[in-house]
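Notes for the structure review
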Amino acid sequence: IPHTTSNVDIGTATTNFTAKYQKHLINMSGLFPRLNGEMMQRGDGQGAIISIVGEMVSCDGSQLILKAADGKQLTYDVQADLEFQQGRVVEIMGAVNDETGTINAFVTRDLGNDFDLGLYNDFLTKVMPSHSQYFS
């Protein structure tokens, strides 16, 4: 007997999800590109699961506006159960929607209020490029 929820076959839903994000499932190592807003805007995250750290600006229940470590604002598609706290710093991992440029958030990790976004941006733009052998 197939399991169903709201007349949707779970097996079919899982297959649809897997097909949609198949290209992202290739990287099963758990290592994802760490990006800032500028990197996202120039397309560095296209077709990938990415990680971005930033400050929560606003949330309407389905979309979160995040100010990335470099100050650029990005839009995330989030689950309704996201615990939004304006000014809170979070790391978001998710898949970039190639059509809209938004990020479908999978994981949101709270980093607190005293996370130094400027220092983190320096890490992304200065340390990682000069030591890429450790951050590939």
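Scope of this entry: the structure provided in the associated data block. Bear in mind that the values here come from a model prediction, so they are computed numbers and not experimental data.

1. Comments concerning the overall build of the protein
Looking only at helices and strands, one finds four helices and eight strands in the protein. Going from N to C terminus, the protein has its helices and strands arranged as β-β-α-α-β-α-β-β-β-β-β-α. Of all intrachain contacts in the protein linking residues separated by at least 6 positions in sequence, the fraction that spans at least 24 positions is 50%. Here the protein displays about 8400 Å² of accessible surface, and carbon together with sulfur accounts for 52% of that area.

2. Focus on the pairing of strand S7 (residues 89-96)
Of all eight residues that make up S7, eight are buried, and the element is covered over most of its length. Where strand S4 (residues 49-59) meets S7, seven bridges bridge the pair, whose relative direction is antiparallel. Pairing of Ile52 across the sheet is with Ile92, part of S7. Here eight bridges tie S7 to strand S8 (residues 103-112), and the two strands are oriented antiparallel to one another. The partner of Glu91 across the bridge, within S8, is Arg109. The hairpin formed by S7 and S8 contains six residues between the paired strands, and Gly101 there has a positive phi angle of roughly 80°.

Reading the values: rules and limits
- Residues numbered from 1 in each chain as written.
- Predicted model: local features only at pLDDT ≥ 70, side-chain atom pairs only at ≥ 80, totals over all residues.
- Heavy atoms only, no water.
- Helix = DSSP H or I, 4+ residues; strand = E, 2+ residues; numbered from the N terminus.
- Contact = heavy atoms within 4.5 Å.
- Areas by Shrake-Rupley, 256 points an atom, 1.4 Å probe, with all protein chains shown as cover.
- Buried < 20%, exposed > 50% of the residue type's maximum accessible area, 1.4 Å probe, protein only.
- Pairing = 2+ DSSP bridges.

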